[in-house]
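# Fold and contact review
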Amino acid sequence: MNTEYTGPRIGDAMGLLLRDANASEATRAKGKHVREFYDGYLSIVDTKDLFRRPLDWPDETWWGYERIQGDVLDLSVGAGRFAVPLQDDGLAVAGLDISPGAVEVAKLRGVTDVTCGDLNEVASIYAPRRFDTVLLLGMGLLLLRSPDKAGATLRQLHQVTARDAKLIGEGAVPDVDSPRGKQLAANNLRAGLWPGQQRARVRYQDVATPWSDLLYASASDLARLTLHHGWRLAAVKESQGNTYVAEFHRMDTGF
Ligand SMILES: C[S@@+](CC[C@H](N)C(=O)[O-])C[C@H]1O[C@@H](n2cnc3c(N)ncnc32)[C@H](O)[C@@H]1O
């Protein structure tokens, strides 16, 4: 027996699970992966959610989808869950994802313009291209990471968007009611952070992605932040759980 605990290998766990699920209908239907949080909390996720077809989308996803217009930049394209139907609806879509495996799967599923890269470097990847809608669906607003880091990314989006562009994303309200949520919020406040900041990684088989910071924030808290960096909250659709889809409009003055 190997007596030494090695922990997971650090790598493209997201890509590995998307590749497996794309290759096998059974894995797509029944596969699970794990979201591991920095405090040790584990959440088991159904992989099929990353392949959900439009017929199975909840109302708030449709609400966001129907607001998409013009040339689209999907900042976390994943398996192309939104990019593929958008292309089918006749829109031009550029997809970005930090996971090489996700990029491969998005291409296999028919997304024609896909790039591997970090959404926090979006300006150096896409400028001087200009998009009409930027997507952060599928909990993508969490990828803004922290109030400080979000500002830099939101400002970069100005370099790759048209004057009347929209940002449509899904976010989640922090849990401040459960014992764990209260503890996390108290720890964050002590450290001078927002109550909903967390650090998490995806685990699949023996592989884990690097840790990344996630920003859980209500739409109104997020709106106060985005307003300082050129994006005004225009409308919100709450879900039945703790998530919401929000539409932000690009501002050209006043920030
Ligand atoms: C929860 S999945 C959602 C994918 C897709 N938006 C959907 O709803 O099906 C999150 C995706 O974001 C990607 N991602 C995470 N951090 C990223 C970053 N900094 N830049 C670009 N993509 C990132 C992951 O690789 C993953 O494919």
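Residues numbered from 1 in each chain as written. Predicted model: local features only at pLDDT ≥ 70, side-chain atom pairs only at ≥ 80, totals over all residues.

### Regarding the overall build of the chain
Using the following cut-off: Helix and strand definitions follow DSSP, with helices as H or I runs of at least four residues and strands as E runs of at least two, each counted in order from the N terminus. Only the C-alpha atoms count toward the radius of gyration. The rule for a globule is 2.2 Å times the residue count to the power 0.38. Our exposure labels follow a C-beta count within 10 Å of each residue's own C-beta, placed from the backbone: buried means 20 or more other C-beta atoms, exposed means 12 or fewer, and partly exposed covers the counts in between.
Regarding its fold elements, the chain presents nine helices and 13 strands. A globule of 255 residues ought to have a C-alpha radius of gyration of about 18 Å, and the chain, at 18 Å, matches this closely. With respect to the three principal axes, the spread of C-alpha positions in the chain is 65 × 45 × 35 Å. Every one of the 255 residues in the chain was classed for burial, and the buried ones make up 37%.

### Section: the nonpolar core
Rules: To form a nonpolar core, buried Ala, Val, Leu, Ile, Met, Phe, Trp, Tyr and Cys residues must be joined through C-beta atoms within 7 Å.
With 57 residues, the main nonpolar core has Leu73, Ala106, Val134 and Leu135 as its most contacted residues. Among the elements that line this core, the one with the most residues is helix H1 (residues 13–23), at five residues.

### Let's talk about the site of the ligand
Cut-off, in case you're wondering: To decide nearness, the C-beta atom of each residue is placed from the backbone, and the residue is near a molecule or strand if that atom lies within 6 Å of it. Only Asp, Glu, Lys and Arg are considered charged, only Ala, Val, Leu, Ile, Met, Phe, Trp, Tyr, Cys and Pro nonpolar, and every remaining residue, Gly among them, polar.
Residues in close proximity to the ligand total 19 residues, the closest being Ser76, Gly78, Ser99, Leu119 and Gly138. Here the residues of the shell around the ligand sort into nine nonpolar, seven polar and three charged.

### Some points on the pairing of strand E7 (residues 131–136)
So the rule is basically this: By the convention used here, strands pair only if DSSP detects at least 2 bridges between them. By the criterion used throughout, a crossover qualifies as right-handed when its path from the first strand across the helix to the second strand runs clockwise, the strands pointing away from the viewer.
Buried residues dominate E7, accounting for five of its six residues. Of the pairings in the sheet, the one linking strand E4 (residues 72–74) to E7 comprises three bridges and is parallel in character. If you follow Asp74 over to E7, its bridge partner there is Leu135. Here E7 pairs with strand E8 (residues 161–172) via five bridges, running parallel. Of the residues in E8, the one forming a bridge with Thr133 is Lys166. Each parallel crossover has a hand, and the one from E7 via helix H7 (residues 147–158) to E8 is right-handed.

### Notes on the environment of His33
Put simply, the test is: Any residue pair is listed as a contact if its two C-beta atoms, each placed from the backbone, are within 7 Å.
For His33, the position within the fold is in strand E2 (residues 32–37). Separated by 10 residues in sequence, His33 and Ser43 place their C-alpha atoms 8.5 Å apart. Residues contacting His33, with those up to four places away along its chain left out, are Leu17, Val45, Thr47, Val202, Arg203 and Tyr204.

### Focus: the sheet that holds strand E6 (residues 114–116)
Cut-off, in case you're wondering: Note on method: axes are straight lines fitted to C-alpha atoms, helices fitted across the in-contact stretch only, with angles between N-to-C directions ranging 0 to 180 degrees.
Judged by pairing direction, the sheet is mixed, and its seven strands sit side by side in the order E6-E5-E4-E7-E8-E13-E12 without closing on themselves. Both edges of this open sheet fall to E6 and strand E12 (231–238), since each of them pairs with a single strand only. Taking each pair of neighbouring strands and ignoring which way they run, the sheet shows an average axis angle of 20°. Contacts from H7 reach E7, E8, E12 and strand E13 (243–250), with the element oriented near 145° to E8.

### Focus: helix H5 (residues 100–108)
Think of an α-helix as turning once every 3.6 residues; residues three or four places apart then point the same way. Within the sequence span of H5, burial applies to Gly101, Ala102, Val103, Val105 and Ala106. Elements in contact with the buried residues of H5: H1, helix H4 (83–88), strand E5 (93–97) and E6. Count one or two residues on from H5 and you reach Gly110, which has phi positive near 110°.

Read these as geometric descriptors, not functional statements.
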